[in-house]
Amino acid sequence: MGQRPFPFQNKVRVKVLVADDLISVYSYLAESLADLDGIEMADVRLDAEEARKFAIRWQPDVLIMDIHMRGGPGAYILQAIKRARPATVVIVLTLFSSDDIRAATLGLGADFFFDKSTELEQVPVVLRNLKLGATACPPAVGFPTTRGHAW
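Residues numbered from 1 in each chain as written. Predicted model: local features only at pLDDT ≥ 70, side-chain atom pairs only at ≥ 80, totals over all residues. Heavy atoms only, no water.

## Focus on the sheet that holds strand S2 (residues 39-41)
Backbone-to-backbone hydrogen bonds join strands into a sheet, with any given pair of strands oriented parallel or antiparallel. The strand order across the open sheet formed by five strands is S2-S1-S3-S6-S7, and the pairing between neighbours is parallel. Unpaired on one side and paired on the other, S2 and strand S7 (112-115) mark the two borders of the sheet. Between one strand axis and the next, the sheet turns by 20° as a mean value, whatever way the strands run. The pairing of strand S3 (residues 62-66) with strand S6 (residues 89-94) spans five bridges and is parallel. If you follow aspartate 66 over to S6, its bridge partner there is leucine 93. In the packing of helix H2 (residues 48-58) onto the sheet, the strands contacted are strand S1 (14-19) and S2, and the crossing angle to S1 comes to about 170°. Relative to the sheet, helix H3 (residues 74-84) contacts S3 and S6, its axis offset from that of S3 by approximately 165°. (Pairing = 2+ DSSP bridges. Helix = DSSP H or I, 4+ residues; strand = E, 2+ residues; numbered from the N terminus. Axes fitted to C-alpha atoms, helices over the stretch in contact; angles between N-to-C directions. Contact = heavy atoms within 4.5 Å.)

## Some thoughts on the environment of valine 25
You can see valine 25 is positioned in helix H1 (residues 23-33). Distance in space between the C-alpha atoms of valine 25 and methionine 65 is 9.9 Å, their sequence separation being 40 residues. If sequence neighbours within four positions are ignored, valine 25 has contacts with Asp20, Leu93, Lys116 and Leu120.

## Side note on the pattern of salt bridges
One pass over the full model with this rule turns up eight salt bridges. A salt bridge links arginine 52 to glutamate 49; its shortest N-O distance comes to 2.6 Å. Separated by three residues within a single helix, arginine 52 and glutamate 49 lie in helix H2, roughly one turn from each other. Across the pair glutamate 119 and arginine 102 runs a salt bridge whose closest N-O atoms are separated by 3.7 Å. Of this pair, glutamate 119 sits in helix H5 (residues 116-119) while arginine 102 sits in helix H4 (residues 99-107); the two residues are 17 residues apart in sequence, bridging distant segments of the chain. The burial state of glutamate 119 is the same as that of arginine 102; both residues are buried. One salt-bridge network, in which partners are shared between bridges, spans Asp20, Asp66 and Lys116. (Salt bridge = Lys/Arg side-chain N within 4 Å of Asp/Glu carboxyl O. Buried < 20%, exposed > 50% of the residue type's maximum accessible area, 1.4 Å probe, protein only.)

## Some words on H2
Every buried residue belonging to H2 is among Ala48, Ala51, Arg52, Phe54, Ala55 and Trp58, and all of these are buried. The residue sitting at the N-terminus of H2 and contributing the capping side-chain oxygen is aspartate 47; that oxygen lies 3.0 Å from the backbone nitrogen of glutamate 49. (Polar contact = N/O pair within 3.5 Å; in protein donor to acceptor, adjacent residues only side chain to side chain.)

## Here we look at unusual backbone geometry
A positive phi angle is found at glutamine 59, which is not glycine, with a value near 55°. Looking at where glutamine 59 falls in the secondary structure, it is placed in the loop between H2 and S3. The exposure class assigned to glutamine 59 is partly exposed, which follows from its relative accessible area of 42%.

## Regarding the pairing of S6
In the case of a regular strand, side chains alternate between the two sheet surfaces. Of all six residues in S6, six are buried, a share of seventy percent or more. Taking the sense of rotation as the criterion, the β-α-β connection linking S6, H4 and S7 turns out right-handed. (Right-handed = clockwise from strand over helix to strand, strands pointing away.)

In structure tokens form, the structure reads like this:
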């Protein structure tokens, strides 16, 4: 499968939604991306159902989400947003990483999958590269294989 174009390359403003029940994840990402022009971050959504409803309504360019959230499985959000807006780039985070979960999540349509405990710092790198229109990210230690991308 070849690389797909990302919906926000060369956009002036990129809408990012964080759906995670750890406020520290949102705080880290907001701080890490503060110096990148054109990133609009919605307030964090802590509950899966709330995140799903907001994502459908707000239509983010990027959804950064925990696959295990209160209020329902993250797979539910992932499937709903990909049905409603297939172009949304979905970055999945989890503290419960395994090869099976990674494969299943990517199979549901996630574009990236990161273990929060060891790979969280890769998320701002990916967003910076995508915002700047990069077609490939430099390899990094522990960087995951992604669906349809030569990253």
